[in-house]
Amino acid sequence: MSTRSTVILGTGSYAPERILSNDDLAHMVDTSDEWIRTRTGIRERRIAAPDQAASDLAVPAARRALEDAGLTPADIDLLVVATVTPDTPMPACACFVQQKLGVPTHSACFDLNAACSGFLYALDTACALLGSGRYRKALVIGVEKLSSVVDWQDRTTCVLFGDGAGAVVVGCSDEPGRGLLGTCLGSDGSSTELLCIPRGGSRAPSTCESIAARDHCIRMKGKEVFKLAVRGMDEAARDILEQHAVRADQISLVIPHQANLRIIEAISEYLELPMERFYVNVERFGNTSAASIPLALDEARRAGRIRPGDLVLLVAFGAGLTYGSALIRW
Ligand code: COA
């Protein structure tokens, strides 16, 4: 194992301007503000403009992270984008971001898909590559334009998701005990059908009929996913704490994947850690999948919720079913 630690040098986020409120949704499908708020905690979500692709959301988030780190795109030699909604199936969203941001051509740029756990997978990948000594500075982005894959006629899913982006700049440090202390990633591929986009891939390319049936959109068995999300995030949190011999009450702030307020409240209860130690913004953004943790992390930092020396726990769960956690000494 490398002795070099990896530290987050800067954070940034971006959410598109347009706000879609619960009342707006009540005009589109048979739902109500009251139902959405009490079941999910969500009040509104952001929706990208039709001409905004995922890379257009990622670039301003990345610029803010670079500015926060006091760096420029020229300093980056590794660019990892976590997303399930890339600009196009090919090439990678990371290549569009590279071009728009002006990241040098000798940089390694690629996408990674671990759904809502994607940012933690990307962070772990980038930190491992930096630790190898082959790269110096990484830009790790979580971005989604989920509005492009939401079935706007399905009230069981369309109320949950939103668009946004978050980014971090990661570098190496010789200061021991600081930065990313560890990660815990996992996946259970036995329940892929619980949360998926059934068509549009190599197994079942889109046809006129499948598009008319909106089978290129998100499908979810909400009740089952809810239970597995609570269990998966609780286990991922416990595993990383145990690995590092850290008690839950030593954590200054938990940044959970923002899918549903009730999931976060259940984890708070299981870990016996009060809700004040959890950063929550799901009420304003809904579930932004891979963007949710870096977006919340950036907000929390800028709001002064994270101070040097704090222990921060990131924890996620998503389609796959994937899960993950990361422990950071800020
Ligand atoms: N507005 C009004 N009623 C709705 C509705 C909506 N937007 N969506 C569903 N309903 C109805 C259902 O049709 C059902 O009606 P019925 O009893 O007549 O059949 C009723 O509300 C209850 O539905 P149910 O699915 O049991 O609700 P729930 O309490 O499980 O809440 C979710 C639904 C989606 C909010 C919840 O299951 C959830 O959050 N799941 C996890 C989702 C998630 O976070 N996924 C991503 C993880 S990364």
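Residues numbered from 1 in each chain as written. Predicted model: local features only at pLDDT ≥ 70, side-chain atom pairs only at ≥ 80, totals over all residues. Heavy atoms only, no water.

A. A look at the state of the cysteines. Enumeration according to the criterion identifies zero disulfides in this entry. With no disulfide partner, Cys217 has as its closest neighbouring cysteine sulfur the one in Cys158, 10 Å distant. (Disulfide = S-S within 2.5 Å.)

B. Main features of the sheet that holds strand E5 (residues 108–112). If you walk across this open sheet you meet the five strands as E1-E7-E6-E4-E5, and the pairing is mixed. Single-partner strands in this sheet number two, and they are strand E1 (5–14) and E5. Strand after strand, the sheet turns through a mean of 20 degrees between neighbouring axes, direction not considered. By the bridge criterion, five bridges tie strand E4 (residues 78–82) to strand E6 (residues 138–145) in an arrangement that is parallel. Among the inter-strand pairings, Leu78 is bridged to a residue of E6, identified as Ala138. Set on the sheet, helix H5 (residues 118–131) makes contact with E1, E4, E5, E6 and strand E7 (163–173); between it and E6 the angle comes to about 165 degrees. (Pairing = 2+ DSSP bridges. Helix = DSSP H or I, 4+ residues; strand = E, 2+ residues; numbered from the N terminus. Axes fitted to C-alpha atoms, helices over the stretch in contact; angles between N-to-C directions. Contact = heavy atoms within 4.5 Å.)

C. Region of the structure containing the layout of surface pockets. Size it by volume and the largest pocket reaches roughly 1100 Å³. If you go around the largest pocket, you meet 35 residues; those closest to its centre are Val84, Asn113, Val149, Ile197 and Arg199. Classifying every residue of the lining of the largest pocket by side-chain character gives 18 nonpolar, twelve polar and five charged. For the lining of the largest pocket, the domains that each give at least three residues are domain 1 (5–176) and domain 2 (180–329). Of the pockets and cavities examined, the second largest pocket occupies roughly 650 Å³. Residue lining of the second largest pocket: 27 residues in total, with Leu160, Met220, Gly222, Lys223 and Asn260 positioned closest to the centre. Counting only elements with at least two residues in the lining of the second largest pocket, the list comes to helix H2 (33–40), helix H6 (155–158), helix H8 (222–243), helix H9 (261–271) and strand E12 (311–318). It is H8 that contributes the most residues to the lining of the second largest pocket, six residues altogether. Taken together, the residues of the lining of the second largest pocket sort by class into 14 nonpolar, eight polar and five charged. (1 Å grid on protein atoms, 1.4 Å probe; cavity = no way out; pocket = protein on both sides within 12 Å on 5 of 7 lines; lining within 4 Å. Points joined across faces, edges and corners; volume = space filled by probe spheres on them. Nonpolar A, V, L, I, M, F, W, Y, C, P; charged D, E, K, R; others polar. Domains from an automatic or database assignment.)

D. Representation of the domain arrangement of the protein chain in the model. Splitting the protein chain by domain gives domain 1 (5–176) and domain 2 (180–329). Facing 50 residues of domain 1, the contacting portion of domain 2 comprises 46 residues. Both faces combined, the contact of domain 1 with domain 2 buries some 3700 Å², and carbon together with sulfur accounts for 61% of it. Looking only at domain 1, the three residues that lose the most surface to domain 2 are Cys116, Leu120 and Tyr121, adding up to 17% of its buried area. Counting across the interface, domain 1 meets domain 2 through three salt bridges. Two residues, Asp151 and Arg219, come together in a salt bridge whose shortest N-O distance is 3.0 Å. (Buried area = accessible area lost by both parts, 1.4 Å probe. Salt bridge = Lys/Arg side-chain N within 4 Å of Asp/Glu carboxyl O.)

E. A look at the pattern of salt bridges. If you walk through the whole model with that rule in mind, you get 14 salt bridges. What you see here is one network of salt bridges that share partners, running through Asp151, Arg214, Asp215 and Arg219.

F. Just H8, in detail. Compared with the 32 Å implied by 1.5 Å per residue over 22 residues, the 31 Å span of H8 between its first and last C-alpha is a close match. Along H8, the residues that are buried comprise Val225, Ala229, Val230, Gly232, Met233, Asp234, Ala236, Ala237, Ile240 and Leu241. Of the residues trailing H8, Ala245 is marked for its positive phi of about 50 degrees. (Expected span 1.5 Å × (residues − 1). Buried < 20%, exposed > 50% of the residue type's maximum accessible area, 1.4 Å probe, protein only.)

G. Summary view of the environment of Cys196. For Cys196, the position within the fold is in strand E9 (residues 195–196). For Cys196, a relative accessible area of 23% gives the class partly exposed. The spatial distance from the C-alpha of Cys196 to the C-alpha of His216 is 9.4 Å, given a sequence separation of 20 residues. Sequence-distant contacts of Cys196, defined by excluding residues within four places in its chain, comprise Cys217, Ile218 and Arg219.

H. Representation of the pairing of strand E13 (residues 322–329) in the model. Of all eight residues that make up E13, six are buried, and the element is covered over most of its length. For strand E8 (residues 179–187) and E13, the ladder comprises eight bridges, and the chain directions are antiparallel. By the bridge assignment, Gly186 is partnered in E13 with Tyr323. Pairing geometry for E12 and E13, over eight bridges, is antiparallel. Each bridged residue has a counterpart across the sheet, and for Leu313 the counterpart in E13 is Leu327.

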